[in-house]
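Fold and geometry: a report
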Amino acid sequence: IKERLYKEAVKDLSLQVEDGATADQFKVRGRGEMHLSILIENMRRDGYEFQVSRPRVLYKTIDGVRCEPIDKVVLDVPEDCVGTIMQSMGVKKGELLDMSPIGSRMRLQFLVPSRGLFGYKSQMLTDTRGEGVMSSVFYDYEPYKGDIEGRNFGSLISYETGEAVTYGLFNAQGRGRLLVKPGDKVYMGQVVGANPKGDDIVVNVCKKKQLTNTRSSASDEALKLIPVQPMSLEAALEFIADDELVEVTPKSIRIRKQILDHQLRAKSKKPVVEG
């Protein structure tokens, strides 16, 4: 992997690679999520297996002031979605530059901190019922705009290693949106869904129904699962939290907690009390 990354940096001058804290960690700098996604996808197709942490922006100190990268964002959306877009851009610390009608649609231009755009594409598509179109380009470095609200959902985490079954998934889907389907191999600490309430919840998607000597007609009814949409690499990078990783292999793209063991993960989140 090291040889592949440094070779890519020679060909792509906008890509920078550095050794990380350990021999198997590397810091990769590029021009946004799309640039990094293309590199990751190409390596995946070449047969590499690795894990990727949540993308972060690079800050600069200019004249003693901490500055962050700003993107110019252009959004073409239906007229009735303008209010929702304005609200979401406000949360992202976006500054409206221009708003002009184009037929039955509106074109909005904003200056937005680059970090505010992480994961926003999926939200924008939801807010516009899939009809919105977004493009962005680096604009400049400007003074830090303040804290931006992070993702507003938590993760559903697999309790054990095994195979996801219908009964376990049916019980888990009441907690949120699932990312796996019956027959998928899962492991302890893998993220198998999203919890809209914001907290991480451990679920047992491998749990099978206890069989008894007597069966009722109700117990024989087929359990209905909500269809699962396969998650793309770009969507996975937008999904993950700071304590999660995207696991990339030639055959699959999965999301996992950095600390797989539930007890160790819980201990790591407990506040340290200093005497």
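Now for a description of the structure that goes with this document. Small disclaimer: the values here were computed from a predicted structure and weren't measured. (Residues numbered from 1 in each chain as written. Predicted model: local features only at pLDDT ≥ 70, side-chain atom pairs only at ≥ 80, totals over all residues. Heavy atoms only, no water.)

**Comments concerning the packing of helix H1 (residues 2-11) against helix H2 (residues 32-45)**
Two measures define how a pair of helices packs: the angle their axes make with one another and the distance between the axes. The criterion, for reference: Interaxial angles span 0 to 180 degrees and are taken between N-to-C directions of axes, which are lines fitted to C-alpha atoms, for helices over the stretch in contact. The way it works is that DSSP assigns letters per residue, a run of H or I at least four long becomes a helix, a run of E at least two long becomes a strand, and they are numbered from the N terminus. Small angles under 35 degrees read as roughly parallel and large ones over 145 as roughly antiparallel, with 65 to 115 read as roughly perpendicular and the rest as oblique. Handedness of each helix crossing follows the sense of rotation of the near helix against the far helix: counterclockwise by less than a right angle gives left-handed, clockwise gives right-handed. In this description, contact between two residues means that some pair of their heavy atoms is separated by no more than 4.5 Å.
Put simply, H1 and H2 touch, their axes get as near as 12 Å, and they point 130° apart. The orientation of H1 relative to H2 falls into the category oblique. Between H1 and H2 lies a crossing of right-handed hand. Each of Arg-4, Leu-5 and Glu-8 in H1 lies in contact with H2, whose residues at this interface are Leu-39, Asn-42 and Met-43.

**Some points on the nonpolar core**
Note the cut-off: Working definition of a nonpolar core: buried Ala, Val, Leu, Ile, Met, Phe, Trp, Tyr and Cys residues. They are joined through side-chain atoms within 4.5 Å. Only protein chains enter the accessibility calculation, which uses a 1.4 Å probe; a residue is then buried when its area is under 20% of its type maximum, exposed when over 50%, and partly exposed in between.
Ranked by internal contacts, the top residues of the largest apolar core, which has 21 residues, are Ile-40, Val-246, Val-248 and Ile-255. Of all elements in the fold, only H1, H2, strand S3 (50-52), strand S13 (190-195), helix H6 (233-239) and strand S15 (244-248) reach the threshold of two or more residues within this core. Residues in contact with Val-246, not counting those within four places in the same chain, are Phe-50, Gln-51, Val-52, Leu-233, Ala-236, Leu-237, Ile-240, Ile-253 and Arg-254. Counting residues in hydrophobic clusters, the runner-up holds 13 residues, among them Leu-75, Val-82, Met-106 and Leu-108.

**What to know about unusual backbone geometry**
For residues besides glycine, phi is generally negative; the peptide bonds are generally trans as well. Even without being a glycine, Asp-63 presents a positive backbone phi close to 55°. Locating Asp-63 in the fold gives a position in the loop between strand S4 (60-62) and strand S5 (65-78). In this structure, Arg-129 takes a positive phi of about 55° despite not being glycine. Here Arg-129 shows up in the loop between helix H4 (120-127) and strand S8 (133-143).

**A short note on the packing of aromatic side chains**
This is how the line gets drawn: Side-chain rings of Phe, Tyr and Trp (the six-membered ring for Trp) are treated as a pair once their centres are within 6.5 Å; stacked means planes under 30 degrees apart, edge-to-face means over 60, and tilted covers the remaining angles. Working rule: Lys NZ or Arg CZ, within 6 Å of ring centre, within 35 degrees of ring normal, means a charge sits over the ring.
If you walk through the whole model with that rule in mind, you get 3 aromatic pairs. Across from the ring centre of Tyr-59, 4.0 Å away, lies the NZ or CZ of Arg-66, which sits over that ring. Stacked on the ring of Tyr-144, the Lys or Arg Arg-66 has its end atom at 4.8 Å from the ring centre.

**Concerning helix H3 (residues 82-91)**
What counts here: Throughout, the arc means the angular range of directions from the helix axis out to the C-beta atoms.
Every buried residue of H3 is listed here: Val-82, Ile-85, Ser-88 and Met-89. All buried residues of H3 lie within an arc of 130° about the axis, which places them on one face of the element. The exposed set on the far side of H3, more than 90 degrees from its buried face, consists of Gly-83 and Gln-87. In this structure, the buried side of H3 is in contact with S5, strand S6 (95-102), strand S7 (105-113) and H4. Following H3 by one or two positions, Lys-93 adopts a phi angle in the positive range, close to 65°.

**Some remarks on the pattern of salt bridges**
Formally: The term salt bridge refers to a side-chain nitrogen of Lys or Arg lying within 4 Å of a carboxyl oxygen of Asp or Glu.
Tallied over the entire structure, the rule returns 20 salt bridges. Ionic pairing is found between Asp-242 and Arg-54, a salt bridge with its closest N-O pair at 3.6 Å. Here Arg-54 lies in the loop between S3 and S4 and Asp-242 lies in the loop between H6 and S15, a separation of 188 residues in the sequence. Residue Asp-242 is classed as partly exposed on the basis of its relative accessible area of 47%.

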